[in-house]
Amino acid sequence: MEEKIKSIIKTSGNSPDRLMDILLSVQKEFRCVPEEAVSLIASALGISEADVNQTKTFYHFFSSKPVGKYAVYLNNAAVSGMMGMAEVADEFEKQAGIKFGETTPDGLISLDYTACIGMSDQEPAALINSVVFTELTREKVKEIVAGMKEGKTVESMVPEYGDGNNAHPLVKSMVKNNIRKAGPVCLGDYDAGKTLSKALSMNPKDVISEVQKSNLRGRGGAGFPTGLKWLFCSQESGERYVICNADEGEPGTFKDRVLLTERAKMIFEGMTIAGWAIGAKEGIVYLRYEYDYLLKFLNSILDEMREKNMLGKNIMGKGFDYDIRIQSGAGAYVCGEESALIESTEGKRGEPRNRPPFPTQSGYNEKPTIINNVETFCSAVKIVEKGGEWFSNMGTEESSGTKLLSISGDCKQPGVYEVEWGMTIKEMLDMVDATDVQAVQVAGPSGVCVPPSQFSRKIAIEDLATGGSMIVVGKQRDLIKDIVLNFMEFFEDESCGSCITCRSFNMILRRMVEKIVEGRGIKPDLDNMVQWGEIMRNTSRCGLGQTSANPVSTTISNFRELYESKVKDVDFQSDFDMKKAIIESCEAVGRPPVVHE
Amino acid sequence: MSKPIIATASLAGCFGCHMSLLDIDDRILKLIELVEFNKSPIDDIKTFTKQCDIGLIEGGCCNTENIEVLKEFRKHCKILISVGECAIMGGLPAMRNGIPVKECLDEAYLDGPTVGENKEKIMPNDEELPIITDKVYPLHEIVKVDYYLPGCPPSADLLWEALVALVTGKELEIPYELIKFD
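Please read all numbers here as calculations on a predicted model, not as lab measurements. (Residues numbered from 1 in each chain as written. Chains lettered and ligands numbered in written order. Predicted model: local features only at pLDDT ≥ 70, side-chain atom pairs only at ≥ 80, totals over all residues. Heavy atoms only, no water.)

Q: Tell me about the overall build of chain B, and name the residues and values.
A: Per the secondary structure count, chain B includes 6 helices and 7 strands. Principal-axis analysis of the C-alpha atoms gives chain B an extent of 60 × 40 × 30 Å. Counting across all 182 residues of chain B, residues that qualify as buried make up 45%. Considering only contacts in chain B between residues 6 or more positions apart, those separated by 24 or more positions represent 75%. Element-wise, carbon and sulfur atoms account for 56% of the exposed surface of chain B, whose accessible area totals about 10300 Å². Each charge class in chain B was averaged separately, 18 positive and 31 negative side chains, and the resulting centres sit 4 Å apart. (Helix = DSSP H or I, 4+ residues; strand = E, 2+ residues; numbered from the N terminus. Buried < 20%, exposed > 50% of the residue type's maximum accessible area, 1.4 Å probe, protein only. Contact = heavy atoms within 4.5 Å. Areas by Shrake-Rupley, 256 points an atom, 1.4 Å probe, with all protein chains shown as cover. Lys, Arg positive; Asp, Glu negative; His and termini not counted. Charge placed at Lys NZ, Arg CZ, Asp CG, Glu CD.)

Pasting the structure below:
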């Protein structure tokens, strides 16, 4: 083991900021990160075992005990639940003879749940040794587990390949793109290298002002003006970095996965243009581990671009040196938050930093850094190609251009749609052929649950902002149980635990929703939940805690009658159960569990 | 008008909150002019002899007797106040929550370094003894609590200000120092 680990450390760069890569390789090799590895890594990198352990224990896909030779991670996000995850889980348990959270005694199969893996338009889906299996059914699970018992490779169990680059020899995945509507920006015509060549003949300042002219705003969800971010960073001195946020973790989003599959060059080209504009020499793509199946393919595209002199030294003969590397994540929603993403890229726990300083002032390795979403870089390419004005003529006053929507849930045409900002929810529902809609969850769990009375609202940063996640919830669903409770369980799991309110209130709110679902809720619970959500919003450092009460607060405000029909109209009700509370100690001391009242 | 009646009790607490109440020093003479005490360690009245206006409870609930006393207080007091960390959140005794009760009892009566001789491995199980509950519960999980006075213990000034405000009907003005704990 020692030799193997030493060689992994050596090939990964032997530096503390590559700890993520080292741990990923160790996990892959040994199916866990054993104690022995922790001390070897610590001494090789010159850091403490605690440093290694805190990174190791932070991420979902690192484990202390070995996962199975076939490690199944079934997605338990809300949409997966809506599409029949419970049956699939039941079949996995039956066929493997173990429960979720367990490994078979022979170490062959382990079953675990995981948060949204970016396949909401083809659920229920699972990762098995980082190979994606979509649209699972009881039948398919039977075949898969039988294959495992025969010792087949996971790759050979993929029944057929998806469209486009999903069938590429380095991808070979059954994932489907489901591009239902291509727009003029990200999914329209694209001629690799054309815009880069144009940009490199422009003054970097002019590139930035073109992006500013377009009014492009960040596509990850927060909507910060991209040109301004680039300008701020370009005004700093010294080394600078470009980071592409491909940690698409908001449940219900999968449009970046499609861009990574079909527009990889465009993303890298956008990053290179950004590097030219701000004066950076290095770009980093932070790729969520769930998209690990695309890693080889993406690296091959980078190689191809290096060969064509679109990356590397003296790009296109214009005297500009720039290269891109891909940093893999290891399963943590909070790493989508830009400062947590930087921490993770440096090999640490993905805990958000205090701001200011903002990343444009002090980011990766404390150097000025811009972090933009995958889609933002693609948009920037078109803006430089066709001009800021062309772009700003699309969309609304405050939200220019187009937006990729990942639409899933109860509709007949789930998939990716590139539409101009400003579309109403009603228009969107017609577009995806959805009827009998109870609600639309806009922008994922951290967004807003919109009732039919508000379906004339617009999808735009000034009205209903979204990073792309749109979940259609049909009337047949139990909104509180299937959606709200699922979202709160998700946030409880994904809170990094740094801020006290986020750490504890997500758990408390989840319990309260559970209480209501189980029929034990009382009326004052509703106002309490809203108030506690407000406290969490005001006292959390990052976007996670600032928005994680939204599933509760937006549904209580938009679907109050539904809640009121489920809670008792009393002031107080105790859940305390005396009989249950005394069993344990009576057994321990040997006396009858009887209370004389 | 007759004076408001106060009752107090310490459940799974350390009596520190009661000590803090004594720390109001000579103001205790004023307090006696303002209120009358009923069931309380302060006057050693063991059982309620009449309905009370205010119940002050320190400590959480770690056994059946605590719960019984708490429910008695709720029955007999118009206003019930959780006093101090243990009553509000379980406090130090709640450190055992999360450890199985059997493990705690084994440590206390069989395996702990201070156990001494217990060859027959006797655990206290006389029927007269209260039964330990699976966890230490804060008061508001058992009965409705009207007010909370935080602190470990709440300072004498906080207890004084709160009580005077409550019995005189004046608005409670708490200086920041009284509820600042770090």
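Q: Can you explain the pattern of salt bridges? Please cite residues and give values.
A: Residues and elements named next belong to chain A. For the coordinates displayed, the defined rule picks out 53 salt bridges over all chains. Residue aspartate 525 is joined to lysine 515 by a salt bridge in which the shortest nitrogen-to-oxygen separation is 3.1 Å. With aspartate 525 in helix H20 (residues 523–539) and lysine 515 in helix H19 (residues 500–517), this residue pair connects regions lying 10 residues apart in the sequence. What makes lysine 515 buried here is its relative accessible area of 14%. (Salt bridge = Lys/Arg side-chain N within 4 Å of Asp/Glu carboxyl O.)

Q: Could you give an account of the interface of chain A and chain B, with specific residues and numbers?
A: On the chain B side, the residues contacting the 19 residues of chain A number 24 residues. The contact between chain A and chain B buries some 1800 Å² in all, and 64% of this surface belongs to carbon and sulfur atoms. Of all residues in chain A, the largest losses of buried area upon contact with chain B belong to Phe572, Phe576 and Arg591 of chain A, amounting jointly to 33% of the total for that side. At the boundary of chain A with chain B, the tally comes to 0 salt bridges. Where chain A meets chain B, there are 9 residue pairs in polar contact (both at pLDDT 80 or more). (Buried area = accessible area lost by both parts, 1.4 Å probe. Polar contact = N/O pair within 3.5 Å; in protein donor to acceptor, adjacent residues only side chain to side chain.)

Q: I'd like a rundown of empty space enclosed by the protein, residues and numbers included.
A: All names here are of chain A. Tallied over the full model, the rule gives 4 cavities of 30 Å³ or more. Approximately 90 Å³ is the volume found for the largest cavity. Forming the walls of the largest cavity are 14 residues, and the residues nearest its centre are Pro352, Cys496, Cys499, Cys502 and Cys542. If you list the elements that add at least two residues to the lining of the largest cavity, you get H19 and helix H21 (543–547). Of the residues that constitute the lining of the largest cavity, the class distribution is 7 nonpolar, 5 polar and 2 charged. Roughly 80 Å³ of volume is contained in the second largest cavity. (1 Å grid on protein atoms, 1.4 Å probe; cavity = no way out; pocket = protein on both sides within 12 Å on 5 of 7 lines; lining within 4 Å. Points joined across faces, edges and corners; volume = space filled by probe spheres on them. Nonpolar A, V, L, I, M, F, W, Y, C, P; charged D, E, K, R; others polar.)

Q: Any chance you could break down the sheet that holds strand E7 (residues 282–287) of chain A for me, citing the residues and the numbers?
A: Sheet strands line up and pair through hydrogen bonds in the backbone, either parallel or antiparallel. Residue and element names in this part refer to chain A. The parallel open sheet is built from 4 strands, whose spatial order is E8-E7-E6-E9. Both edges of this open sheet fall to strand E8 (323–328) and strand E9 (369–373), since each of them pairs with a single strand only. Here the strands of the sheet are splayed against their neighbours by 20° on average, with no regard to which way each runs. For E7 and E8, the ladder comprises 6 bridges, and the chain directions are parallel. Each residue of the ladder has a partner; that of leucine 287, found in E8, is serine 328. (Pairing = 2+ DSSP bridges. Axes fitted to C-alpha atoms, helices over the stretch in contact; angles between N-to-C directions.)

Q: I'd love a proper account of the environment of methionine 19 of chain B, names of residues and values included.
A: In this structure, methionine 19 of chain B sits in helix H1 (residues 16–22). Put simply, methionine 19 of chain B and methionine 89 of chain B are 70 residues apart on the chain and 19 Å apart in space, counted from C-alpha to C-alpha.

Q: Talk me through the nonpolar core; I want residue IDs and the actual numbers.
A: All names here are of chain A. Core analysis: the largest hydrophobic core is formed by 131 residues, its most contacted members being Ile41, Trp230, Phe268 and Met271. Among the elements that line this core, the one with the most residues is helix H12 (residues 264–278), at 10 residues. Ignoring sequence-local partners within four residues, the contact set of tryptophan 230 consists of Ile208, Val211, Ala274, Ala277, Ile278, Ile370, Asn372, Phe377 and Ala380. (Core = buried A, V, L, I, M, F, W, Y, C linked by side-chain atoms within 4.5 Å.)

Q: Can you break down the side chain of histidine 76 of chain B residue by residue, with the values?
A: Residues and elements named next belong to chain B. Its place among the elements puts histidine 76 in helix H3 (residues 64–76). Residue class for histidine 76 comes out buried when judged on its relative accessible area of 18%. Those residues within four positions of histidine 76 in sequence are excluded, and the remaining contacts are Phe48, Lys50, Gln51 and Cys52.

Q: Account for the layout of surface pockets, with residues named and values stated.
A: The computed volume of the largest pocket comes to approximately 2100 Å³. Forming the walls of the largest pocket are 42 residues, and the residues nearest its centre are Ile508 and Trp532 of chain A together with Pro138, His140 and Glu141 of chain B. Contributions of two or more residues to the lining of the largest pocket are made by H19, H20 and helix H24 (578–589) of chain A together with helix H4 (84–89) and strand E6 (132–137) of chain B. No other element matches the 10 residues that H19 of chain A contributes to the lining of the largest pocket. Its residues assigned to classes, the lining of the largest pocket comprises 20 nonpolar, 7 polar and 15 charged. Here the second largest pocket is characterised by a volume of approximately 1300 Å³. In this structure, the second largest pocket is lined by 50 residues; those nearest its centre are Gly220, Gly221, Ala222, Gly336 and Glu337 of chain A. If one sorts the elements of the lining of the second largest pocket by residue count, E9 of chain A sits on top with 5 residues. Along the lines of polarity and charge, the residues of the lining of the second largest pocket split into 14 nonpolar, 25 polar and 11 charged.

Q: Give a description of the packing of H19 of chain A against H20 of chain A that names residues and reports values.
A: In helix packing, the relevant descriptors are the interaxial angle and the interaxial distance, both defined with respect to the helix axes. Residue and element names in this part refer to chain A. The interhelical angle for the contact between H19 and H20, taken along N-to-C directions, is 160°, at an axis separation of 10 Å. Taken as axis vectors, H19 and H20 run roughly antiparallel relative to one another. As for the relative orientation of H19 and H20, their crossing is left-handed in sense. Contact residues: H19 offers Thr501, Cys502, Phe505, Asn506, Ile508, Leu509, Met512, Val513, Lys515 and Ile516, while H20 offers Asp525, Leu526, Met529, Trp532, Ile535, Met536 and Thr539. In terms of residue class, the contact of H19 with H20 is made up of 12 nonpolar, 3 polar and 2 charged. (Parallel < 35°, antiparallel > 145°, perpendicular 65-115°, else oblique. Left-handed = near helix turned anticlockwise from the far one by under 90°.)

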